[in-house]
Amino acid sequence: MTVQDEPNPLRDPSDRRLPRVAGPCALVLFGVTGDLARKKLMPAIYDLANRGLLPPTFGLVGFARRDWEDQDFAQIVKDSVREHARTPFREDVWDQLSDGIRFVTGELTDPESYAELARALGELDRARGTNGNHAFYLSIPPGLFPVVVDHLRTSGLADTDEGAWRRVIVEKPFGHNLKSAQELNAIVNEVFPPGSIFRIDHYLGKETVQNLLAVRFANTMFEPIWNNKYVDHVQITMAEDIGIGSRAGYYDGIGAARDVIQNHLLQLMALTAMEEPVTFSADQIRMEKEKVFSAVVLPDDLGVHSVRGQYSQGWQGGHQVKGYLEEDGIPEDSKTDTYAAIKLEIDSRRWAGVPFYLRTGKRLGRRVTEIAVIFKRAPHLPFSVTDTGELGSNALVIRVQPDEGITIKFGSKVPGTQMEVRDVTMDFAYGDSFTESSPEAYERLILDVLLGEPPLFPRHVEVESSWEILDPILNYWATHGNPESYPAGTWGPTAADDMLAIDGRSWRRP
Ligand code: BG6
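Residues numbered from 1 in each chain as written. Predicted model: local features only at pLDDT ≥ 70, side-chain atom pairs only at ≥ 80, totals over all residues. Heavy atoms only, no water.

K.L.:
What's the story with the packing of helix H1 (residues 35-50) against helix H13 (residues 441-451) in this structure? I'm lost.
P.N.:
Describing two packed helices takes the angle between their axes plus the distance from one axis to the other. Close contact between H1 and H13 brings their axes to 8 Å; oriented N to C, the two are set at 65°. The angle between H1 and H13 falls in the class roughly perpendicular. Classified by chirality, the crossing of H13 by H1 is right-handed. Facing Leu36, Lys40, Leu41, Ala44, Ile45, Asp47 and Leu48 of H1, the residues of H13 in contact are Tyr442, Glu443, Ile446 and Leu447. Among the residues making up the contact of H1 with H13, the classes are represented as 8 nonpolar, no polar and 3 charged. (Axes fitted to C-alpha atoms, helices over the stretch in contact; angles between N-to-C directions. Helix = DSSP H or I, 4+ residues; strand = E, 2+ residues; numbered from the N terminus. Parallel < 35°, antiparallel > 145°, perpendicular 65-115°, else oblique. Left-handed = near helix turned anticlockwise from the far one by under 90°. Contact = heavy atoms within 4.5 Å. Nonpolar A, V, L, I, M, F, W, Y, C, P; charged D, E, K, R; others polar.)

As structure tokens, then:
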């Protein structure tokens, strides 16, 4: 081998120390006037540019009904970046990014608007060299997905030119039940090949969620006890202290179970429960998650083992806050759930008999998302009952957010002349172990779309399976009573405590 033939470590694509930089491309944003675009998507695009992960020729095209010029849209992006970006504002980065910003005034239902969009993309391709590589981000109300996807087809925007790619990014909710999810999948699958469809579940873009797989499969000490021999039950919590804010139009009629359990919490459950994938390829990871979904069984008595609630007036952070029914835009007789808790089991050799409790809610005691694996008590304690009076169960808690990290809870002797055993914790905190702050979920996910890397995006089978799990619960709720009210700032309806008490367990108070 001559010196020139030696592999250059700086060119090795599998070298994880090298940043993954997207190639020439343009991203079209439908829904630029929405909250998500302003608070998350535009800032994430800037943060990627600031980290040097977007090509210098990157193009960003906004599409909306507004009568804006390119520079008006660029100003909107700039304002959102200044307000919400994670990384500091740099004029040089902004100048380069804003050169590639275009705006198309259009109606989602009007064919001529898509012709206009095609012209704008053609101009970008020529002026910036985006090479016909276009991603379409549908951050729009779900009812409009079919219309837009269909227009992308008829206008030719979904057709790939030689050597170029076209991708579509679909925001949740992906349907409102199994049937509508299937219909939507059929429509999208007809226009884009499976490898070009990216369904967003932003929880999968979170560092702490990806770390769950690293913790489980890069170590030896957790897997041997990660099963029904040692685990008593698992609690997955996503609690929010905020109410619905200005999202009445989206939230009412959807509710907590559809908004969060169907996607984020079932995904967290699948990652916690799945077997080790053969490799970390998209296909292998998704296949293992799908096996978990297909093994889920619901309790027979949903009246006892599922709970929904709705927040009423209460106190949060020293302020009095409105109840759900008093929020702007909410009908006074709305039955929408702002809290949901369910119990399910996974019929597999590893998990048979281990309940998974999932709960989420708005206006709860505090904002916290965690996965708590609670272990069985030691079969025999050679101490007196009073020695261990304050000893709880061992637990491993993955702190998804905020205060990202992992806690292990176990018993330890209290120093002194007596044998008193009490719970203590051992903590790993991202802030203590790593100097770099974690990227936002949307940074990771947008970059993966532009690179065409699908492992962090649920396949249509996963989406449909998770609706299959949730549908019976939603149908049961639709015909049995109303959500129980809980005061804002508390930990949800009392029925949720009863749901665990029946099983001789209680919720963690994180
Ligand atoms: C979204 C839900 O998917 O997740 C919102 O639609 C919720 O209702 C949000 O507030 C929470 O996201 P995060 O990343 O702040 O936990």
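K.L.:
Is there a simple way to think about the sheet that holds strand S2 (residues 59-64) in this case?
P.N.:
Each strand in a sheet pairs with another by means of backbone hydrogen bonds, the pair being arranged parallel or else antiparallel. Strand order in the open sheet made by the 6 strands is S3-S2-S1-S4-S5-S6, with parallel pairing throughout. Strands at the two margins of the open sheet, each flanked by one partner only, are strand S3 (101-105) and strand S6 (197-199). Neighbour to neighbour, the strand axes of the sheet diverge by 20° on average, direction disregarded. Bridge count for strand S1 (residues 26-30) against S2 is 5 bridges, and the pairing is parallel. Following the sheet pairing, Val28 is matched in S2 by Val61. The strands touched by helix H5 (residues 145-154) within the sheet are S1, strand S4 (134-138) and strand S5 (166-170), with S4 carrying the most contacts at an inclination of about 160°. (Pairing = 2+ DSSP bridges.)

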